[in-house]
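Structure assessment
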Amino acid sequence: MAAPESGDGNNGAARMVTLISSDNTRFEVEAAAASLSQTLQLTILDGGGGGGDGIPLPNVDSATLSKVLEYCIKHAPAAANGGAPNATAVDRAELERFDNEFVNIDQSVLYSLIMAAHNLEIEGLQSLVAKKVADMIKGKSPMEIRRTLGFPDPTPEEQAEMNAHMLEYGWAYE
Amino acid sequence: MAQSGGEVAAKRPNLFPSGEDRLSALPDDIIVLILLRLDTIAEAARTSVLSSRWCRIWTLLPELTFRKAADYGHIRDVIAATEAPPLRQIRVKTNDDAPDSMAAWLPLAARRLSGVLRYRNSVEGHYEDDEDEDNTTIALPCFGKATKIVLNLGFLALALPSSGEFTRLTNLSKTRPVPRHMRAQRHRLLAAVPMLAKAPRPASTGNGQTHRPLGVSLGDGSGLCLRIAAAPY
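Residues numbered from 1 in each chain as written. Chains lettered and ligands numbered in written order. Predicted model: local features only at pLDDT ≥ 70, side-chain atom pairs only at ≥ 80, totals over all residues. Heavy atoms only, no water.

1. Things to note about the overall build of chain A
Within chain A, the regular secondary structure consists of eight helices and three strands. Across chain A, helices and strands are ordered from the amino to the carboxyl terminus as β-β-α-α-β-α-α-α-α-α-α. The burial tally for chain A puts 44% of its 174 residues in the buried class. Carbon and sulfur atoms provide 52% of the accessible area of chain A, an area that totals close to 8800 Å². (Helix = DSSP H or I, 4+ residues; strand = E, 2+ residues; numbered from the N terminus. Buried < 20%, exposed > 50% of the residue type's maximum accessible area, 1.4 Å probe, protein only. Areas by Shrake-Rupley, 256 points an atom, 1.4 Å probe, with all protein chains shown as cover.)

See the structure below:
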């Protein structure tokens, strides 16, 4: 999946790339980690992001980017192995533990992360965050869902809309 | 994405945005990803109450899962309501014992589905003699675009379409000993579907005690796989 060093003969130190957040913070990471992003992978394969250049990411702020890269660095080795085949049960358990811990964060960070994962096309991170948000919805009543996701209590108009919906789609609420 | 400072993670900008603002900023694709992680389509539909932004997004889901009795009566309505371009998967788990309720949604599912149908009926029952089949028989319509159909019918019997509509069918297998009426179905299918009729026949099942899967493969590997899991008798 993630591209190995593209045969430039640089077998020693891992190739590094620089990413620049929307607020102009520079992050230097291994190309293999950044390549978990489908969006970045092409640029990196083309030799971009090295030297003093850096790849600007105008949609991702530095707080979010550092969180995204934390995920990428942790997941890069497994991705380089093509995922599961070589991974031991211990490795996988460790990744799972990391993932659970990783999304145990403030909701605002969660939404920034899912947007960034979407823009950068990091599949694993997208589904990790989507699952986390889904878990916050599961098994709850409409009002509980609203409160959990930080929606204000409905206005009378919204309440009327909710009631109409619950009438129309009664089966969903049984 | 409204953050500007950002040197301290999770520090809020001056104005506190509500969860509603943040969630409403998410594109449909992402909300679909979230809803796909819920257990059933009913649960996804319930998120409509969040805001007008979320109201119809559940109808974009390319995978539909029905698990509870309450969902079951509305499968047809749900399939009819969905607007997902290709419907990748329909999964039904039920203990409903009336084939006619399945008949209400199967034809529509057959038209809409471009992927996988998984149906599992866990009703307990006994095989009756062939004469009693009528009220426990499910008529399988043509799933022209389906790539895989897995039916676990419990005690229900299956009637296959008589015309050659399963032109993409490349595999028919049963992983358990096959009851008498199912054996008859298999022969009907072989007769009904031209591609299958040309395929080499699997070894005879003899007295029906064999546990070997009955497999018919045409070898092009890309077509419809119909797997009928028959309950033991």
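2. Let's talk about the overall build of chain B
In terms of helices and strands, chain B carries eight helices and eight strands. Buried positions account for 48% of the 233 residues belonging to chain B. When the accessible surface of chain B is summed, it comes to about 11200 Å², and 50% of that surface belongs to carbon and sulfur atoms.

3. Topic: the interface of chain B and chain A
Of the residues lining the interface, 42 residues belong to chain B; the matching set on chain A comes to 42 residues. Viewed at the interface, chain A and chain B are joined by one salt bridge. K138 of chain A serves as the salt-bridge partner of D39 of chain B, at 3.7 Å between the closest nitrogen and oxygen. There are six residue pairs in polar contact (both at pLDDT 80 or more) connecting chain B and chain A. When residues of the side of chain B that touches chain A are traced back to their parent elements, those giving at least two are α1 (19-24), α2 (28-36) and α3 (41-46) of chain B. Here the element with the most residues in the side of chain B that touches chain A is α3 of chain B; it accounts for five residues. (Contact = heavy atoms within 4.5 Å. Salt bridge = Lys/Arg side-chain N within 4 Å of Asp/Glu carboxyl O. Polar contact = N/O pair within 3.5 Å; in protein donor to acceptor, adjacent residues only side chain to side chain.)

4. Points about the domain arrangement of chain B
Residues and elements named next belong to chain B. Domain parsing of chain B yields domain 1 (14-61) and domain 2 (63-229). With 10 residues of domain 1 at the interface, the matching set in domain 2 holds 13 residues. A buried area of about 980 Å², summed over both sides, lies between domain 1 and domain 2, and 56% of it is on carbon and sulfur atoms. Viewed at the interface, domain 2 and domain 1 are joined by one salt bridge. Across the salt bridge formed by R56 and E83, the nearest N and O atoms sit 3.1 Å from each other. (Domains from an automatic or database assignment. Buried area = accessible area lost by both parts, 1.4 Å probe.)

5. Looking at the UniProt feature "domain: F-box" (unreviewed entry) in chain B
Mapped onto the present numbering, the UniProt feature "domain: F-box" (unreviewed entry) falls at residues 23-61 of chain B. Within the segment residues 23-61 of chain B, helix and strand shares are 44% and 0% respectively, and the terminal C-alpha atoms sit 18 Å apart. (UniProt positions renumbered as here; feature names shortened; annotations may be inferred.)

6. Observations regarding the pairing of strand β1 (residues 16-20) of chain A
Residue and element names in this part refer to chain A. The buried fraction of β1 is high, at four of five residues. One ladder, built from two bridges, connects β1 with strand β3 (residues 55-56); its direction is parallel. Within β3, the residue paired with L19 across the bridge is I55. (Pairing = 2+ DSSP bridges.)

7. Overview of a positive patch on the surface
All names here are of chain B. On the surface, R67, K68, R91, K93, R118 and R120 cluster together into a positively charged patch. Listed by contribution, the elements that provide at least two residues to the positive patch are β2 (87-94) and β3 (113-121). For R120, the position within the fold is in strand β3. (Patch = residues over 30% accessible without salt bridge, like charges linked within 9 Å, V, L, I, M, F, W, Y side chains within 5 Å. Lys, Arg positive; Asp, Glu negative; His and termini not counted. Charge placed at Lys NZ, Arg CZ, Asp CG, Glu CD.)

8. Re the UniProt feature "domain: SKP1 component dimerisation" (unreviewed entry) in chain A
As annotated by UniProt and renumbered to match this structure, "domain: SKP1 component dimerisation" (unreviewed entry) occupies residues 124-163 of chain A. Secondary structure across residues 124-163 of chain A divides into 72% helix and 0% strand, with the first and last C-alpha atoms of the span separated by 37 Å.

9. A word on the pattern of salt bridges
Residue and element names in this part refer to chain A. Enumeration according to the criterion identifies 12 salt bridges over all chains in this entry. Taking the shortest distance from any N to any O, the salt bridge between R146 and E158 comes out at 3.8 Å. Taken together, the positions of R146 in helix α7 (residues 142-148) and E158 in helix α8 (residues 156-168) put the pair 12 residues apart, joining distant regions of the chain. Overall, the relative accessible area of 2% leaves R146 in the buried class. The partner of R147 in a salt bridge is D153, with the nearest N and O atoms 3.5 Å apart. For R147, a relative accessible area of 52% gives the class exposed. Residue D153 is classed as partly exposed on the basis of its relative accessible area, which comes to 48%.

10. Considering the confidence of the model for chain B
Residues and elements named next belong to chain B. Summary statistics for chain B give a mean pLDDT of 65 and a share of 48% for residues scoring 70 or more. Segment residues 173-178: pLDDT under 50, and 23 contacts once partners within four positions in sequence are set aside and those in other chains are kept. Overall, residues 188-225 carries pLDDT values under 50, and its contacts beyond four positions in sequence, including any with other chains, amount to 77 contacts. (pLDDT = per-residue confidence, 0-100.)

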